[in-house]
Amino acid sequence: MVVGAGGGGLNAAARSAELGAETICVEASVIIGGNAQSAGMCAILGGSRLQEKKRFAFPSYPFDAKKMCDWAMDEYHFAADPKLIYRIADAGGKCIDWMADCGVKWRLGEVPVYVAPKASTLDHHVLKMKDATDAMYAFGEKKGVQFKFRCPATALVQDSSGRIVGIVANEDYQREVFIHARKAVILTAGGFCNNKALLDKYIPTAAMGCASSYLPLGEKGECFRMGLGVGADVNGFNSSASFDGGVDWASEGGQWARFLYDGMTQLSRQPWFTIDRCGNRIRYMDSRIAVDGAAAIYALGDLATAQMAVPGHRTYIIFDSHYEDYLADFGQEHCRKLITPDLEQIEKVPEHYRDWHHGVEDAIEADVLKKRNSLEELEADLGFEKGILTDAVAKWNECCARGEDDFMYPMPPNWLHPISDPPFYGCRIGGNLYGTKCGLAINDHMQVIGTNGRVIEGLYAGWHTAGGAVGENSYIGDVILGSLLGDVSLAFCGGYLCGTFANDVETY
């Protein structure tokens, strides 16, 4: 019994059926692939056949899962379970190879799909995750998986010994049904990015520092709460992963969960003049591949940290009426790319936002992006004390006039654009939450652990219902944007491992 038909659930169901289990997968929505379809890349640091062909592995070739585990544990300040981290390191490449054998086309110009870490040569390739999830759905169907859509799981069922023996679900949103699981229940329906009460309790830094979530499909924590209901423990307290440029729509009465490529979000992620509420400059991390090499991918998470770790947990971007003239020269890569007709996977962008101006116009209309005729008016309406914003802008304009930034982390001269001509624009931003790293406690066989320290028999959890992939108190959740395998890769791998171990197979 697999709960959730996202990237992890599809893998769990397909793997279970491949190993001979009669498999049912329930999904609350009518969409396969879940949030995995919003992703544009799959991060694997070594061990796949394609990477072996290219002789790539991190931290060194040949691939060694222990070395990768040691590197990750150091990055996590040894706050994670090394057995679990080793399992992730060891299984990532094997999962990718298995998915390829199931019909997923990973090759893009005969290269492996991965994101190389800092101090490595970047070989980053965007792929269509919908193609990957469609292929795994087709493979699961071929192996006999019975998919039930519009069928949200609502509770786990235990027998008298405490073993999980099935779920209660709401079929077609109308009829309560019990589905018996003779072998195991696998929870893979995501984390709780959009459940503010759970964030407040389990990931307070994200609750305070993240201004928005880019997961409009949900992630409200249903599976997490179901696990708590049968006595599961929690792992990964206060751990999350965020992008930069979370626009604070909620502070103006807007929606917390926003589609990532909405024009205003992309605008907020460019190298504008940025300060905290004290008027202190905030460093910008460049994501241009040609400039920073592989480290460019880290910029997305590192800048989120800088934007969140300030008094009040918000920073402020400021620019003037000429902002549109500067965009092309900024040249940001990865998820900071501006929305253009040739954007990879443009079909995923809602039609309204395919012209990025519409997202900006929406933000101005909602007064999320404040448009004012004077800096003094903008200063007051953004909540600054009198003189803080105007003084900071005056100093910035002096740097622009000299053509040299005197900040500790200076902008390049071609990014020094004065803020002098009205109307003036300002916006509050924080982190953009894309993954909760707190979840149900699991062991390295993906079995859920109870608060009594023992395995809850018959219950397994994949990411991001499970926690612990980056340990405790991981503020941004790096390594490699959220975990050792990124986020969608982690979900793929977790489902694959759940399907393997739940069917009493020790090797993969």
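Residues numbered from 1 in each chain as written. Predicted model: local features only at pLDDT ≥ 70, side-chain atom pairs only at ≥ 80, totals over all residues. Heavy atoms only, no water.

(A) Layout of helix α15 (residues 388–402). When the terminal C-alpha atoms of α15 are compared, their 22 Å separation across 15 residues agrees well with the 21 Å that a helix rising 1.5 Å per residue should span. Looking at α15, one finds that the buried residues are Leu389, Thr390, Ala392, Val393, Trp396, Cys399 and Cys400. Buried residues in α15 make contact with β11 (273–275), β12 (315–319) and α14 (375–381). Positive phi shows up at Gly403, right after α15, with a value of about 75°. (Helix = DSSP H or I, 4+ residues; strand = E, 2+ residues; numbered from the N terminus. Expected span 1.5 Å × (residues − 1). Buried < 20%, exposed > 50% of the residue type's maximum accessible area, 1.4 Å probe, protein only. Contact = heavy atoms within 4.5 Å.)

(B) Layout of a nonpolar patch on the surface. There is a patch of nonpolar side chains on the surface, built from Val30, Ile31 and Tyr173 and spanning about 270 Å² of accessible area. Residue Tyr173 is classed as partly exposed on the basis of its relative accessible area, which comes to 38%. (Patch = residues over 30% accessible without salt bridge, like charges linked within 9 Å, V, L, I, M, F, W, Y side chains within 5 Å. Areas by Shrake-Rupley, 256 points an atom, 1.4 Å probe, with all protein chains shown as cover. Salt bridge = Lys/Arg side-chain N within 4 Å of Asp/Glu carboxyl O.)

(C) Seen up close, helix α16 (residues 488–502). The end-to-end C-alpha separation of α16 is 21 Å, in line with the 21 Å expected for 15 residues at 1.5 Å each. With 15 of 15 residues buried, α16 lies mostly within the body of the structure. Following α16 by one or two positions, Asp504 adopts a phi angle in the positive range, close to 60°.

(D) Examining the sheet that holds strand β4 (residues 153–158) more closely. Read across the open sheet, the 3 strands follow the order β4-β5-β6; overall the sheet is antiparallel. Where the open sheet ends on each side, the last strands, each with one partner, are β4 and β6 (175–180). Along the sheet, successive strands turn relative to each other by an average axial angle of 25°, direction set aside. Bridge count for strand β5 (residues 164–171) against β6 is 6 bridges, and the pairing is antiparallel. The residue bridging Ile167 from the neighbouring strand is Ile179, located in β6. (Pairing = 2+ DSSP bridges. Axes fitted to C-alpha atoms, helices over the stretch in contact; angles between N-to-C directions.)

(E) How the structure looks around the packing of aromatic side chains. Summed over the entire model, instances satisfying the criterion amount to 25 aromatic pairs. When the ring of Trp272 is compared with that of Phe330, the centres are 5.1 Å apart and the planes differ by 85°; the resulting orientation is edge-to-face. Residue Trp272 is located in the loop between α9 (264–268) and β11, and its partner Phe330 is located in helix α12 (residues 323–330); the two are separated by 58 residues in the primary sequence. In this pair, the class of Trp272 matches that of Phe330, namely buried. Ring centres of Phe501 and Tyr508 lie 6.2 Å apart, and the angle between their planes is 90°; this geometry places the pair in the edge-to-face category. Sitting over the ring of Trp256, Lys196 keeps its end group 4.1 Å from the ring centre. Above the plane of the ring of Phe243 lies Arg269, whose end atom (NZ or CZ) is 5.0 Å from the centre. (Phe/Tyr/Trp six-rings, centres within 6.5 Å; stacked < 30°, edge-to-face > 60°. Lys NZ or Arg CZ within 6 Å of the ring centre and 35° of its normal.)

(F) Looking closely at unusual backbone geometry. In this model, Tyr61 is joined to Pro62 through a cis peptide bond whose omega is 5°. When you line up the elements, Pro62 lands in the loop between α2 (49–54) and α3 (65–75). In this structure, His464 follows Trp463 across a cis peptide bond, with omega equal to 20°. Mapped onto the secondary structure, His464 falls in the loop between β17 (455–461) and α16. The residue Arg55 is not glycine, and still its phi comes out positive at about 60°.

(G) Broad picture of the packing of helix α1 (residues 7–18) against α16. At their nearest, the axes of α1 and α16 sit 7 Å apart, and the two run at 30° to each other. The pairing of α1 with α16 is recorded here as roughly parallel in orientation. Viewed along their axes, α1 and α16 form a crossing whose handedness is right-handed. On α16, the residues that touch Gly7, Gly8, Asn11, Ala12, Arg15 and Ser16 of α1 are Ala491, Phe492, Gly495, Tyr496, Gly499 and Thr500. (Parallel < 35°, antiparallel > 145°, perpendicular 65-115°, else oblique. Left-handed = near helix turned anticlockwise from the far one by under 90°.)

(H) Molecular detail of the nonpolar core. In terms of nonpolar packing, the biggest core is built from 160 residues, with Ile167, Val185, Leu187, Leu267 and Leu484 touching the most fellow members. Sorting elements by how many residues they give to this core places helix α4 (residues 82–102) first, with 10 residues. Contacts of Val185, omitting those with residues within four sequence positions, involve Met1, Val3, Leu156, Ile164, Gly166, Ile167, Gly458, Leu459 and Tyr460. (Core = buried A, V, L, I, M, F, W, Y, C linked by side-chain atoms within 4.5 Å.)

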